[in-house]
Amino acid sequence: MTRTIALEIAVQDPAGVRIAAEVGADRVELATALALGGLTPSPATVELSVEAAGQAGPEVHVLIRPRAGGFHYSEDELAVSERDVRHAISAGASGVVIGALDPEGRLDLFAMARLRDAAGGAPVTLHRAIDMTADPVATLRSARELGLRRVLTSGGASAAIDGIDTLRALVAAAEGEIEVMAGSGVDVDSAPVLAAAGVDALHFSAKRAVLEDGGVRMGSASDGVGGYEVTDRDTAFAIRDALAR
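Residues numbered from 1 in each chain as written. Predicted model: local features only at pLDDT ≥ 70, side-chain atom pairs only at ≥ 80, totals over all residues. Heavy atoms only, no water.

A few words on the overall build of the protein. Looking only at helices and strands, one finds eight helices and 11 strands in the protein. For 245 residues, the compact-globule estimate of 2.2 N^0.38 gives 18 Å, and the C-alpha radius of gyration of the protein, at 17 Å, lies within 12% of that figure. With the C-alpha coordinates aligned to their principal axes, the bounding extent of the protein is approximately 45 × 40 × 35 Å. Within the protein, the fraction of its 245 residues that count as buried is 50%. The contacts in the protein between residues at least 6 apart in sequence include a share of 63% that link residues at least 24 apart. Surface accessibility of the protein: about 11,100 Å² in total, with carbon and sulfur atoms responsible for 50%. Charge separation in the protein, taken as the distance between the mean sites of 22 positive and 35 negative side-chain charges, equals 2 Å. (Helix = DSSP H or I, 4+ residues; strand = E, 2+ residues; numbered from the N terminus. Rg over C-alpha atoms; globule rule 2.2 N^0.38 Å. Buried < 20%, exposed > 50% of the residue type's maximum accessible area, 1.4 Å probe, protein only. Contact = heavy atoms within 4.5 Å. Areas by Shrake-Rupley, 256 points an atom, 1.4 Å probe, with all protein chains shown as cover. Lys, Arg positive; Asp, Glu negative; His and termini not counted. Charge placed at Lys NZ, Arg CZ, Asp CG, Glu CD.)

To summarise the sheet geometry, strands pair through backbone hydrogen bonds and adopt either a parallel or an antiparallel arrangement. What the eight strands build is a closed barrel, ordered 1-2-3-4-5-6-7-8; its pairing is parallel. Sheet twist, expressed as the mean angle between neighbouring strand axes with direction ignored, is 25°. As paired elements, strand 7 (residues 179–183) and strand 8 (residues 201–204) share three bridges and run parallel to each other. Paired with A182 across the bridge in strand 8 is L202. Sheet contacts for helix 2 (residues 43–53): strand 2 (27–30) and strand 3 (59–63); angle to strand 3, the most-contacted strand, approximately 160°. The strands touched by helix 6 (residues 164–174) within the sheet are strand 6 (150–153) and strand 7, with strand 7 carrying the most contacts at an inclination of about 165°. (Pairing = 2+ DSSP bridges. Axes fitted to C-alpha atoms, helices over the stretch in contact; angles between N-to-C directions.)

The subject of this paragraph is helix 2. Of all the residues in helix 2, the buried ones are V46, S49, V50 and A53. For helix 2, the arc enclosing every buried residue in end-on projection is 100°, short of the 170-degree limit, so these residues lie on one face. Directly after helix 2, the chain includes G54, whose backbone phi takes a positive value near 60°. (Arc of directions from axis to C-beta.)

Attention shifts here to the pattern of salt bridges. A complete count under the given rule lists 15 salt bridges for this structure. Ionic pairing is found between R67 and E77, a salt bridge with its closest N-O pair at 2.6 Å. Taken together, the residues R67 in the loop between strand 3 and helix 3 (75–90) and E77 in helix 3 connect sequence positions 10 residues apart. Notably, a salt bridge pairs E179 with R150, separated by 3.0 Å at the nearest N-O pair. A residue pair is termed long-range when its members are at least 10 positions apart, and E179 in strand 7 and R150 in strand 6 qualify at 29 residues. In this structure, a network of salt bridges that share partners links the residues E75, E82, R86 and R114. (Salt bridge = Lys/Arg side-chain N within 4 Å of Asp/Glu carboxyl O.)

Another aspect to go through is unusual backbone geometry. Despite not being glycine, E175 has its phi angle at roughly 50°, a positive value. Structurally, E175 can be placed in the loop between helix 6 and strand 7. For E175, a relative accessible area of 57% translates into the label exposed. Its identity is not glycine, yet S184 carries a phi of approximately 105°, on the positive side. By the element assignment, S184 lies in the loop between strand 7 and helix 7 (190–196).

Between helix 3 and helix 4 (residues 109–118), the shortest axis-to-axis distance is 8 Å and the interhelical angle comes to 25°. The pairing of helix 3 with helix 4 is recorded here as roughly parallel in orientation. The handedness of the crossing between helix 3 and helix 4 comes out as right-handed. Across the interface between the two elements, E75, L78, A79, S81, E82, V85 and R86 of helix 3 pack against A111, R114, L115 and A118 of helix 4. (Parallel < 35°, antiparallel > 145°, perpendicular 65-115°, else oblique. Left-handed = near helix turned anticlockwise from the far one by under 90°.)

Spelled out as structure tokens, the structure:
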């Protein structure tokens, strides 16, 4: 029997949700400013994205990240994040995606428990903050003890394919009690290899840059000059189809 792997697409708007639905993705991670690694989307973006998903579309999991930079947060930033978690769930999101580290770069168990509790029992994903810790396997075990649903990780590498050995170790450490989702740089070539490593899900953005003059270019619009990023339908379908080969 062929193992089914879940697909999650990182999107920034309702249009991205609709593309994810066409592709047959299981989930979307909804964020804004993907060029900055993703930030918390606006309440209206959450509401309209949930509406776009409807009953039959992908689950909407909202990234809760108050600012760019590291993952050690002040009390004010945690208070904002806690309220954003509650707003996302009350708006109909299926779950949230969070991550907080302590000053030593370890998982901040207090902050994570606080944000987990704010989700009121909805599924919680630990995002790639895990890849900033010295021991991702130990961090996964902590996430598992916190009762989180899954971790999103590149195996500590810039691209998931380069962290494949660590991803295999994370799958073994998970023991089926917490899902391991591979993300970062997932493309047509790496998707089948990562799936074969035993991860439970693949996460990718399938984005392209749109220039202000109407032209397009593949890649990032992080220079912030005359461009922005959107979910690319063809790229999303190509990655999905690569898994069926």
